[in-house]
Amino acid sequence: MGRALAFLSMELEDITRPPIYDALLVVSMILGGLYASVIPRISAIKLAIDVTSIPLFIAIIYLAIRGSAGLASLVSNNVFQLYLTYPLSRGIILMVLLITRILLPSILIVGAPLLITSIIMFGIVSEKPLEVLIVFTGRIIYLYFIGVIFMLIALGTKRTALAGVLSIVFYFAYIFITGIMTTLSFVLELQVFRYIALSLMFSDTLNNYVIGLNVPYWTLIPIPLASIILTILLYIYFTRRFEPT
C-alpha cells in the first residue's frame, strides 16, 4: 500500500508540471464565481448544468494534453519503462494512472466551479442537492469514458504529438457523429438515430432526464456500460500485451 501511495504521489507531482493544471483550476473556479455573481437567481439543476458546461470542455482538453499526450510522452521518453520496474503490479500502476490522468483532474476541474457556485448560491443549491450531485456525476462519467479512450490512444501510439492530435480529433469526430445522428433523426424521421444521439450525449441526456424531459431511461445505459468494457479492455491490454518499446 505504501509503495502504491508513493507512486501516486509521484504521478500527482508529474501532472502538475508545467503549471497548466493550476491555471485550469483557477480559470474554472473564476468561471463558477462569475456565473454565480452574474445570474443570482436560477434553479439548482440549471445552475449546475450551466456552471459545469465550459469546465467540461476544459477538462476534455486537459485529458487530451496531460492524460493522452502526457502519458505518451512518458513512454517515448523511457520514463514508463522505469515505472514498470517498480515493485508494483501492472494493475496497480494502471489504477494509479486512471486516478491521476483521468478521474482526479476531471473531478477538480469540473467540481471546483460547482463548489464555488454552491457556496455563493447555497440557498438555491441546498433546495435540491441531489440533482446537483447527479449533474456532477454525469459529467465525471462522461469524462471518464472519453479519458479511457484517450489513454488507449496514448498507449497504442506511444508518441506525444500523435497521441494528443488523435485524441482531439477523436473528440471532435465524436461530436460530429452525434450531430449527424441528430440531423438524420429529423430528416429521416427515424427514432433510432435520435436514440443513438441521446446515448452519445450521455451527460446532456442525463441532465434532460433529471429535468423531466421526454428521454428514454435506457439511453443512459450505453456510455456507462461502454466505460466498463473499455476499462476491462484497457486492463487486459496493459497487463498482458502492452510493451513500452
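Scroll up a little and you will see the structure.
In this text the structure is predicted, and so the values were computed from the model without any measurement.

A short note on the overall build of the protein chain
Okay, so step 1: Counting secondary structure elements, the protein chain contains 11 helices and zero strands.
Okay, so step 2: The helix and strand sequence of the protein chain, counted from the amino end, reads α-α-α-α-α-α-α-α-α-α-α.
Okay, so step 3: Of all 245 residues assigned to the protein chain, the portion counted as buried reaches 47%.
Okay, so step 4: Partitioning the contacts of the protein chain with sequence separation of at least 6, the portion at a separation of at least 24 is 79%.

Quick word on the packing of helix α7 (residues 129-157) against helix α11 (residues 222-241)
Okay, so step 1: For the pair α7 and α11, interaxial distance at closest approach is 9 Å and the crossing angle is 30 degrees. Viewed along their axes, α7 and α11 adopt a mutual orientation that is roughly parallel. As for the relative orientation of α7 and α11, their crossing is left-handed in sense. Packed against α7, whose contacting residues are I141, Y144, F145, V148, I149, M151, L152, L155 and G156, the element α11 presents I223, P224, A226, S227, L230, T231, L234, Y237 and F238 at the interface.
Okay, so step 2: Of the residues belonging to the contact of α7 with α11, the class tally is 15 nonpolar, three polar and no charged.

Observations regarding unusual backbone geometry
Okay, so step 1: With a phi angle near 65 degrees, N78 is a residue other than glycine that sits in the positive phi range.
Okay, so step 2: Unusually for a residue other than glycine, K158 sits at a positive phi of about 65 degrees.
Okay, so step 3: With respect to the element layout, K158 can be found in the loop between α7 and α8 (160-187).
Okay, so step 4: The partly exposed category is assigned to K158, whose relative accessible area is 23%.

Thoughts on helix α10 (residues 202-211)
Okay, so step 1: F202, S203, T205, L206, N207 and V210 are the residues of α10 that are buried.
Okay, so step 2: Lining the buried residues of α10 we find α3 (44-76), α7, α9 (191-200) and α11.

The rules we used
- Residues numbered from 1 in each chain as written.
- Predicted model: local features only at pLDDT ≥ 70, side-chain atom pairs only at ≥ 80, totals over all residues.
- Heavy atoms only, no water.
- Helix = DSSP H or I, 4+ residues; strand = E, 2+ residues; numbered from the N terminus.
- Buried < 20%, exposed > 50% of the residue type's maximum accessible area, 1.4 Å probe, protein only.
- Contact = heavy atoms within 4.5 Å.
- Axes fitted to C-alpha atoms, helices over the stretch in contact; angles between N-to-C directions.
- Parallel < 35°, antiparallel > 145°, perpendicular 65-115°, else oblique.
- Left-handed = near helix turned anticlockwise from the far one by under 90°.
- Nonpolar A, V, L, I, M, F, W, Y, C, P; charged D, E, K, R; others polar.

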